[in-house]
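One-letter residues, chain by chain:
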Amino acid sequence: MKSKIKIAEMDFSAPQYEIRSFNTINKPLKTVKTSGKAKMAGMNNNRSVSIHEEITTVLFLSLTVFALTEMVGLFNSAIIVLEYPFSSIIPMIMVFFGILGLLGILTDSRINIIIALIAVILELSILSMILVTNPMVSFLIPTIALQVLLISLSFFGFMTIFRQQKTQTDRFFEPEYERETDLAIEIKNLTKTYDLGEVQISALQKFNLEIRRGDFIAIMGPSGSGKSTLLNCLGALDRPTEGEILIDGINISQLDDEGLAWLRNKKVGFIFQSYNLITRSTVGQNVEVPALVTPLDTHRRKKKALRVLDDVGLGDKYYRNPNTLSGGEQQRVAIARALINDPAILLADEPTGNLDSKSGATVMEILQKLNRELHVTLIVVTHDPEVGSLADRIYYLKDGMNAGFKDNIKI
Ligand SMILES: Nc1ncnc2c1ncn2[C@@H]1O[C@H](COP(=O)(O)OP(=O)(O)O)[C@@H](O)[C@H]1O
Ligand SMILES: [Mg+2]
């Protein structure tokens, strides 16, 4: 597989993550855009955030520099210090809060930013008071003007952060060429050939599939029949040689790298047979990885991780190392990780393949619950007929081709 598994740097319109509000799923018709402009929209989002971050950093740097120069100025003007001993403390406080503000940016803590902002407002009030009570110190006027400017800028910056947290729209796709569909996935003539120089391995040949939103589909077939290749193409971990994949009507071959990263991170959750957890990190850190690229701050990220861990029954394992957990628990951590960005589609490649039957059953219960209660479209590749029997429909694959399907009648 050529493409790296890349965690997305997209979708900065991330909502106040509410796992129970799968915003795309229950809408009967989702309108999406399938033009090349989708790329642009994504890139614009990306750019606006980095510019915003730069502005905020520069802002607080200038606050600190401003406070520092003010202090130096005060040391030079002994008269002022003598006359207003009170005012020499203020710049020092400013330096302190300036540094706090900077730390706020570095540690992603909004509280520090707010404190720094309040400090500037306080200083401004004090300076204004001095000016009002003693009009002789008119040299303070430029300082005050500068501070008014800084406050307005900080306020503007802060509101921008705040608004970004609030908007809950998929800005990545603007409805231009609208396409209405109730299909979560459409696969048309999908062909994947691995070129190994002398030999060419045909993993998928003109494979077709349509999956409606909220369906639970099992994919079965002998080893080497192309099941993993299919899932990897669906999750944009691999590129097809030919054919089309539409996810929510979006033709994913039209997406650039950023768009694909967005898809992998936000739209689709992936669960692997061998969990693929980072064993050097804690359970919590593992779950939070896909959320690192969203605007969630440390605190919200942790809150969200704890909630998805709770959803898979591992709320108390946040600080544990994955190695200290059983296989079933590790797979549940992987499910939590797949859920953290509220994906509409979950792809699971033999999720119970490495598990004993009891842990496997627990994992399947969780996946089924996500499908039934949150209407996540669930696609599970499996060898296990029991797992297959849980699905609404089983599609069979043979030599990379469609080999029929079977509907499971549920009582
Ligand atoms: N990265 C790869 N390079 C070359 N051949 C591959 C690669 N991945 C899969 N294949 C081949 O493609 C075919 C389908 O593999 P795969 O999708 O893993 O099947 P399954 O998951 O059904 O066991 C197999 O013949 C396999 O050897
Ligand atoms: Mg496989």
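Note that the structure is predicted; figures quoted are calculated from it, not measured.

**Q** Would you take a moment to explain the overall build of the protein chain for this structure?
**A** For the protein chain, the count of helices and strands is 12 helices and 12 strands. Looking at the protein chain residue by residue over its 411 residues, the buried ones come to 39%. Considering only contacts within the protein chain whose residues lie at least 6 apart along the sequence, 74% involve residues at least 24 apart.

**Q** I keep staring at the confidence of the model for the protein chain and nothing clicks. Help me out?
**A** Close inspection of predicted coordinates is inappropriate in any region flagged by low pLDDT. Mean pLDDT over the protein chain stands at 75; residues scoring 70 or higher make up 60%. In this model residues 165-179 is a low-confidence stretch, pLDDT under 50, and it forms 37 contacts with partners more than four residues away in sequence or in other chains.

**Q** I keep staring at unusual backbone geometry and nothing clicks. Help me out?
**A** In this structure, N189 is a non-glycine residue whose phi angle is positive, near 50°. For N189, the location among the structural elements is in strand β3 (residues 183-196). One non-glycine residue, Y275, lies in the positive phi region at around 65°. Along the chain, Y275 turns up in the loop between β8 (268-271) and α8 (283-288).

**Q** Can you help me understand the site of ligand 1 in this one?
**A** Neighbouring ligand 1 are 13 residues, the closest being Y194, A203, K227, S228 and T229. With 3 residues, helix α6 (residues 227-234) is the single largest residue contributor to the shell around ligand 1. Here the shell around ligand 1 is composed, by residue class, of 5 nonpolar, 7 polar and 1 charged.

**Q** Could you clarify how one ought to interpret the pairing of strand β10 (residues 377-381) in this entry?
**A** Along any regular strand the residues' side chains alternate between the sheet's two faces. Within β10, 5 of the 5 residues are buried, leaving the element largely enclosed by the surrounding structure. Residues T377, I379 and V381 of β10 are buried on one face, and the alternating residues L378 and V380, pointing to the opposite face, are buried as well. The pairing of strand β9 (residues 345-349) with β10 spans 5 bridges and is parallel. Within β10, the position partnered with A348 by the bridge is V380. Note that the unit made of β9, helix α11 (residues 357-374) and β10 has a crossover that is right-handed.

**Q** Whenever I open this one, the environment of F270 confuses me. Can you help?
**A** Tracing the chain through its elements places F270 in strand β8. In this structure F270 comes out as buried when scored by C-beta crowding, with 24 C-beta atoms within 10 Å. For F270 and L231, which are 39 residues apart along the polypeptide, the C-alpha to C-alpha distance reads 9.0 Å. Ignoring anything within four residues of it in the chain, the contact list for F270 reads G235, A338 and L347.

**Q** It is not clear to me how the pairing of β8 should be interpreted in this structure. Could you clarify?
**A** Burial along β8 is two-sided: the face carrying V268 and F270 and the face carrying G269 and I271 are both buried. Note that β8 and β9 share 4 bridges and pair parallel. The partner of G269 across the bridge, within β9, is L346.

**Q** Could you clarify how one ought to interpret α6 in this entry?
**A** Burial runs high along α6: 8 of the 8 residues are buried. Backbone geometry just after α6 places A236 at a positive phi near 60°.

**Q** Can you help me understand the sheet that holds strand β6 (residues 242-247) in this one?
**A** Strands in a sheet are paired, the pairing made by backbone hydrogen bonds, and the direction either parallel or antiparallel. What the 4 strands build is an open sheet, ordered β4-β3-β6-β7; its pairing is antiparallel. Where the open sheet ends on each side, the last strands, each with one partner, are β4 (199-212) and β7 (250-251). In this structure, β3 lies alongside β4, joined through 10 bridges in antiparallel fashion. Its bridge partner being in β4, K192 is matched across the sheet by L204.

**Q** Looking at this model, I keep getting lost on the nonpolar core. Mind explaining?
**A** With 74 residues, the main nonpolar core has A336 and L346 as its most contacted residues. Element by element, the count of residues in this core is highest for helix α10 (residues 327-339), at 6 residues. Apart from residues no more than four positions distant in its own chain, A336 is found in contact with V287, V308, L309, D311, V312 and L314.

**Q** Sorry if this is basic, but what is going on with the sheet that holds β8 here?
**A** Pairing in this open sheet of 6 strands is mixed, and the strands run β8-β9-β10-β5-β11-β12 from one edge to the other. At either end of the open sheet lies a strand with only one pairing partner, and these are β8 and β12 (401-407). Shown here is a sheet whose adjacent strand axes are inclined to one another by a mean of 20°, direction ignored. The sheet strands contacting α6 are β5 (216-220), β9, β10 and β11 (393-398), and the helix crosses β9 at an angle near 150°. In the packing of α10 onto the sheet, contacts are made with β8 and β9, and the angle to β8 comes to roughly 165°.

**Q** I would appreciate a short explanation of the packing of α10 against α11 in the present structure.
**A** Two quantities define a packed helix pair, namely the angle between the helix axes and the distance between the axes. Their axes nearest at 9 Å, the elements α10 and α11 cross at an angle of 20°. In terms of their interaxial angle, α10 and α11 are classed as roughly parallel. In this structure, α10 meets α11 at a crossing whose hand is right-handed. Residue-level contacts link G327, G328, Q331, R332 and I335 of α10 to S359, T362, V363 and I366 of α11.

**Q** Just to check I follow, could you spell out helix α7 (residues 257-267) for this structure?
**A** Counting along an α-helix, one turn takes 3.6 residues, and residues three or four places apart therefore face a common direction. Counting buried positions along α7 gives 9 out of 11 residues, so the element sits mostly inside the fold. For α7, the full list of buried residues reads G259, L260, A261, W262, L263, R264, N265, K266 and K267.

**Q** Help me understand the environment of E244 in this model?
**A** Secondary-structure assignment places E244 in strand β6. A tally of 14 C-beta atoms within 10 Å means that E244 is categorised as partly exposed. Setting aside residues no more than four positions away along its own chain, E244 makes contact with K188, N251 and S253.

Rules of the game
Residues numbered from 1 in each chain as written. Chains lettered and ligands numbered in written order. Predicted model: local features only at pLDDT ≥ 70, side-chain atom pairs only at ≥ 80, totals over all residues. Helix = DSSP H or I, 4+ residues; strand = E, 2+ residues; numbered from the N terminus. Buried ≥ 20, exposed ≤ 12 C-beta atoms within 10 Å, placed from the backbone. Contact = placed C-beta atoms within 7 Å. pLDDT = per-residue confidence, 0-100. Near = placed C-beta within 6 Å. Nonpolar A, V, L, I, M, F, W, Y, C, P; charged D, E, K, R; others polar. Pairing = 2+ DSSP bridges. Right-handed = clockwise from strand over helix to strand, strands pointing away. Core = buried A, V, L, I, M, F, W, Y, C linked by C-beta atoms within 7 Å. Axes fitted to C-alpha atoms, helices over the stretch in contact; angles between N-to-C directions. Parallel < 35°, antiparallel > 145°, perpendicular 65-115°, else oblique. Left-handed = near helix turned anticlockwise from the far one by under 90°.

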